[in-house]
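Architecture at a glance
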Amino acid sequence: MRILFVCLGNICRSPTAEGVLRTLAAREAPELPLEVDSAGTAGYHIGEPPDPRMRHAAARRGYDLSSLRARVVEPGDFERFDLILAMDRDNLQVLRHGAPVPAHERLRLFLEFAPESGAAEVPDPYYGGAKGFEEVLDLVEAASRGLLAYLRAQLRAA
Ligand code: 4NP
């Protein structure tokens, strides 16, 4: 089960999703054969660790994002990953344009796995205040739990 999270810069939302899912899976669903990665649709921050504001907010909830480094989505990602989960509609649209048609069914919005949140998109926190980073964590934690439940069901059905 290979999961790729995608946002714009790969320094706020998608690395948070990568770190949170990895941590929750290790704790709550160690039976899942999971591989998790993240990437951005834009290359402004290639090679950089997650934004310090995001890293610190995540660390306060027990998620260590310090070893992650930003990269851009590459063509091979559309072959390699079973699910490619975008943080918002703009990035989903960019993925749809770049992906070969057979990969389109593997492109989704991450918050489809958190229907109870009432949100469809994880808002970009980059130009906002501290509350935005907490909101990213709230939404990402909810959707990660929903995704783990979905993946457990997939594993049982396999
Ligand atoms: P992300 O946030 O897509 O969640 O990583 C952003 C990071 C950087 C920029 C925009 C959004 N930027 O314009 O540099």
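Heads up: the structure comes first, above all this text.
Let me begin by describing the structure that accompanies this report. (Residues numbered from 1 in each chain as written. Predicted model: local features only at pLDDT ≥ 70, side-chain atom pairs only at ≥ 80, totals over all residues. Heavy atoms only, no water.)

Let's talk about the pattern of salt bridges
Proximity of charged atoms lets side chains of opposite charge pair with each other. This is how it is decided: A pair is scored as a salt bridge if a Lys or Arg side-chain nitrogen falls within 4 Å of a carboxyl oxygen belonging to Asp or Glu. Where helices and strands are cited, they refer to DSSP runs of H or I of at least four residues and of E of at least two residues respectively, numbered from the N terminus. Residue exposure (1.4 Å probe, protein chains only): buried if accessible area is under 20% of the type maximum, exposed if over 50%, otherwise partly exposed.
One pass over the full model with this rule turns up 16 salt bridges. Of the charged contacts, one joins R13 and D88 as a salt bridge, the two residues approaching to 2.9 Å between their closest N and O atoms. You can see R13 sitting in helix α1 (residues 13-28) and its partner D88 sitting in the loop between β3 (83-86) and α4 (89-98), a full 75 residues away along the chain. On the accessibility criterion, D88 (11% relative accessible area) is buried.

Here we look at the site of the ligand
The condition that has to hold: Being near a molecule or strand, for a residue, comes down to having at least one heavy atom within 4 Å of it. Within 3.5 Å is the distance limit for a polar contact, defined as a pair of N or O atoms, with the added protein rule that one can donate a hydrogen and the other accept it, and that residues adjacent in sequence qualify only through two side-chain atoms. Under this grouping Gly is polar, as are all residues other than the nonpolar Ala, Val, Leu, Ile, Met, Phe, Trp, Tyr, Cys and Pro and the charged Asp, Glu, Lys and Arg.
Looking at the ligand, the residues that line it are C7, L8, G9, N10, I11, C12, R13, Y44, H45, D124, Y126 and Y127. C12 has a polar backbone atom sitting 2.9 Å from an oxygen atom of the ligand. Here Y127 contributes a side-chain N or O atom positioned 3.3 Å from an oxygen atom of the ligand. Counted by class, the shell around the ligand contains 7 nonpolar, 3 polar and 2 charged residues.

Observations concerning α1
For clarity, the threshold we go by: For a helix, the expected span equals 1.5 Å multiplied by the residue count minus one. Residue contacts follow a heavy-atom distance rule, with two residues in contact if any of their heavy atoms lie within 4.5 Å.
Helix length check: α1 (16 residues) gives 22 Å between terminal C-alpha atoms against 22 Å at 1.5 Å per residue, within 8%. Within α1, the full set of buried residues consists of R13, S14, P15, T16, A17, E18, G19, V20, L21, L24 and A25. The inward-facing, buried residues of α1 abut β1 (2-7), β2 (35-40), α2 (52-60), α4 and α5 (130-157).

Quick word on the packing of α2 against α5
To be explicit about the condition: Orientation is described by lines fitted to C-alpha atoms, with helices fitted over the stretch in contact, and by angles between N-to-C directions that extend from 0 to 180 degrees. An angle below 35 degrees is read as roughly parallel, one above 145 as roughly antiparallel, one from 65 to 115 as roughly perpendicular, and any other as oblique. Handedness of a helix crossing follows the sense of rotation of the near helix relative to the far helix, less than a right angle counterclockwise being left-handed and clockwise being right-handed.
Contact geometry of α2 with α5 gives a least axis separation of 10 Å together with a crossing angle of 55°. The angle between α2 and α5 places the two elements in the oblique class. Crossing hand, α2 versus α5: right-handed. In this structure, α2 contributes R53, M54, A57, A58 and R60 to the contact, and α5 contributes F133, E134, V136 and L137. When its residues are assigned to classes, the contact of α2 with α5 shows 6 nonpolar, no polar and 3 charged.

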